[in-house]
Amino acid sequence: MKILILGNGGREFSIARAISNEDAEHELFFQPGNGATGTLGTNLNIKDYNDLASWAKENKIELTIVGPEAPLVDGVVDIFKAEGLVIFGPSKEAAQLEGSKVYMKNFLAKYAIPTARYIETDSIEDAFKFADSLTAPIVVKADGLCGGKGVIIAQNHDEAKIAISEMLSGKSFGDAGLKVIVEEFLDGYELSMFAVCDGEDYILLPAAQDHKRLHDNDEGPNTGGMGAYAPTPLVDEALYQKVRERIIRPTLDGMQKEGAPFEGVLFIGIMVVNGEPITLEFNVRFGDPECEILMPLMTSSVSDMFLKASTNRLNEIKVEFSKQFAVGVVMASKNYPYSNSTPAEIIVDEVHHEEVKNFTHISYAGVSMEDGVLYADGGRVLVCVGLGDSIKEARDRAYMRCGQVHFAGKQLRTDIAYQALQ
Ligand code: AMP
Ligand code: GLY
């Protein structure tokens, strides 16, 4: 197939890598891609979605896969579909499940899907009043997209009120904060679950765990994610069943009733509290770095899954997963997540060790290529992925690979998957 992938991260690289490893021949294009996706296909530079759709039509692209949330929230899927193109991802309206936390929370409430108790408001008095009714910590969220920074876990009522005031005044997040959610703090452990949906049916992928904090022991600032592993032993069949029955099924049915059937990846951020799964949030795309560890666990065709999901035919296929575990360790630039870093040359040692060769690989994210030399030029630079018959084996292998990657100022956590190994 001729396939176009939107995005420039490790997520998109890992999707492309999985498709490139299929038996069938594919030709890949990226908008815009990164310094490493150019080795798997052709990087484009067509920013306008209408122009991109015209290009896709002229070039007979058979499937477009959208990686990040921004183009989805901007309606790229609607534009492509209006041109009769096949594209994987939710419509602009369905993307509201991520684009507006107010939409999401109200949707969850309407369809009785478990979530934290909350108030949604643009009134500072109402927000304060609800905050006063909760015991600390208190969670305050900006309505719109804030690049993962719009959630404040306030340790006391004063902190919560400051966060509320700064959001509602437009000070902290501009228009994205003009409505806020104030909600109860859920105390439990967090999971990421991913359902590939075609509007009606879905395929649930193995549950993953992300590591959001920069430093070991979950210390330091929040990041986009410093590592992930799957499947996690923190989920058993009973929990999967609860997530299916209480969260995914009512969400797909509810979105149909709303006239916005959900196609694409439904990423469910779950807090497990006393064994019960509670919805923290939805995203409408794969997590990054979760995607990098889920793609290599799929043994059936990834491109066919996306194609069938985009054409309402998921019920025709059986998606299969390896029995192995995958662990992904992010290597980030020196100043991540605070500011940009000076581009640094990346040197990857030649791999001789059979185990490292056969059971690890690198998914490239924030990299550029100049004269055949790879530079770290983004926040999260790459992910070293290890596969193994146990989480420990997969993790040891991922870290063996990390030891072979060098660039100035590299940062990484040394404890990815610790919750599974305790
Ligand atoms: P969100 O973008 O809504 O997933 O929030 C980002 C992070 O904040 C989540 O991954 C959780 O770690 C945390 N969080 C969000 N809402 C809550 C909540 N109600 N209780 C506890 N932690 C939360
Ligand atoms: N790793 C979490 C995210 O992609 O939002």
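Our subject is the structure listed above.
Each chain has its residues counted from 1, following the order in which its sequence is written. A letter from A marks each chain and a number from 1 marks each ligand, given out in the order of writing. Owing to the predicted nature of the model, reporting of local features is limited to residues with pLDDT of at least 70; listing and counting of side-chain atom pairs is limited to 80 or more, with chain, interface and lining totals taken over all residues. With hydrogens and water excluded, all non-hydrogen atoms of the structure serve as input to the side-chain values.

Another aspect to go through is the sheet that holds strand S7 (residues 138-142). Any two strands with at least two DSSP-identified bridges between them are counted as paired. Numbered from the N terminus, helices here are DSSP runs of H or I no shorter than four residues, and strands are runs of E no shorter than two. Spatial strand order, S6-S9-S7-S8: 4 strands in an open sheet with antiparallel pairing. Strand pairing shows two members of the sheet lacking a second neighbour, strand S6 (118-121) and strand S8 (151-154), which therefore form its edges. Taking each pair of neighbouring strands and ignoring which way they run, the sheet shows an average axis angle of 15°. In this structure, S7 lies alongside strand S9 (residues 180-184), joined through 5 bridges in antiparallel fashion. By the bridge assignment, Ala-142 is partnered in S9 with Val-180. By definition, residues are in contact when any of their heavy atoms lie within 4.5 Å. Every angle, taken between N-to-C directions, lies between 0 and 180 degrees, and every axis is a line fitted to C-alpha atoms, over only the stretch in contact when it is a helix. Running over the sheet, helix H6 (residues 101-110) touches S6, S7, S8 and S9 and is turned about 135° from S6. Set on the sheet, helix H8 (residues 157-168) makes contact with S6, S7, S8 and S9; between it and S7 the angle comes to about 10°.

With that out of the way, let us pick up the site of ligand 2. Nearness of a residue to a molecule or strand requires only that one of the residue's heavy atoms be within 4 Å of it. Close to ligand 2 lie Asp-210, Gly-224, Phe-267, Arg-285, Gly-287, Asp-288, Pro-289 and Glu-290. Throughout this description, a polar contact denotes any pair of N or O atoms lying within 3.5 Å of each other; where both atoms belong to protein, one of them has to be capable of donating a hydrogen while the other can accept it, and for residues adjacent in sequence the pair is counted only when both atoms sit in side chains. One of the backbone N or O atoms of Gly-224 is found 3.1 Å from a nitrogen atom in ligand 2. Here Glu-290 contributes a side-chain N or O atom positioned 2.8 Å from a nitrogen atom of ligand 2. When ligand 2 sits alone it has 200 Å² of accessible area, and the protein chains cover 87% of it. Note on residue categories: nonpolar means Ala, Val, Leu, Ile, Met, Phe, Trp, Tyr, Cys or Pro, charged means Asp, Glu, Lys or Arg, and polar means any other residue, Gly included. For the shell around ligand 2, the residue count by class is 2 nonpolar, 2 polar and 4 charged. Working definition of accessibility: Shrake-Rupley area with a 1.4 Å probe, residue cover restricted to the visible protein chains.

Once that is clear, we can look at the side chain of Thr-251. In this fold, Thr-251 is placed in helix H9 (residues 237-257). Residues in contact with Thr-251, not counting those within four places in the same chain, are Leu-97, Phe-107, Ile-113, Leu-266 and Phe-282.

Only residues whose relative accessible area exceeds 30% and that form no salt bridge are eligible for patches; like-charged ones are grouped when within 9 Å, while nonpolar side chains (Val, Leu, Ile, Met, Phe, Trp, Tyr) are grouped when within 5 Å. Here, a salt bridge means any Lys or Arg side-chain nitrogen found within 4 Å of an Asp or Glu carboxyl oxygen. A cluster of nonpolar side chains, contributed by Val-151, Ile-153 and Phe-185, occupies part of the molecular surface with about 220 Å² of accessible area. Within the secondary structure, Phe-185 is located in the loop between S9 and strand S10 (189-198). On the accessibility criterion, Phe-185 (33% relative accessible area) is partly exposed. Only protein chains enter the accessibility calculation, which uses a 1.4 Å probe. A residue is then buried if its area is under 20% of the maximum for its type, exposed if over 50%, and partly exposed in between.

With respect to topology, 5 strands assemble into an open sheet ordered S12-S15-S18-S24-S21, the strand pairing being antiparallel. Pairing within the sheet leaves two strands with one partner each, and these edge strands are strand S12 (209-210) and strand S21 (360-364). Pairing of S12 with strand S15 (residues 227-230) involves 2 bridges; the strand directions are antiparallel. Residue pairing for S15: Gln-209 is matched across the bridge by Tyr-229. Packing of helix H13 (residues 391-402) onto the sheet brings it into contact with S15, strand S18 (325-332), S21 and strand S24 (380-388), and relative to S24 it is tilted by some 140°.

With that out of the way, let us pick up the packing of helix H7 (residues 124-133) against H8. Contact geometry for H7 and H8: axes closest at 10 Å, N-to-C directions at 160°. By the criterion of interaxial angle, the relationship of H7 to H8 is roughly antiparallel. Read as a crossing pair, H7 and H8 show a hand that is right-handed. Between H7 and H8, the contacting residues are Ile-124, Ala-127, Phe-128, Ala-131 and Asp-132 on the first element and His-157, Lys-161, Ile-164, Ser-165 and Leu-168 on the second. Partitioning the contact of H7 with H8 into residue classes produces 6 nonpolar, 2 polar and 2 charged. Relative orientations are named as follows: roughly parallel for angles under 35 degrees, roughly antiparallel for angles over 145 degrees, roughly perpendicular for angles from 65 to 115 degrees, and oblique for any other angle. Should the near helix be turned anticlockwise from the far one by less than a right angle, the crossing is left-handed, and should it be turned clockwise, the crossing is right-handed.

The next point concerns the site of ligand 1. The full set close to ligand 1 counts 15 residues, and Glu-183, Glu-184, Leu-186, Glu-190 and Glu-281 are the nearest of them. Among the secondary structure elements, those contributing two or more residues to the shell around ligand 1 are S7, S8, S9 and strand S17 (276-283). Of the residues in the shell around ligand 1, the class split is 8 nonpolar, no polar and 7 charged.

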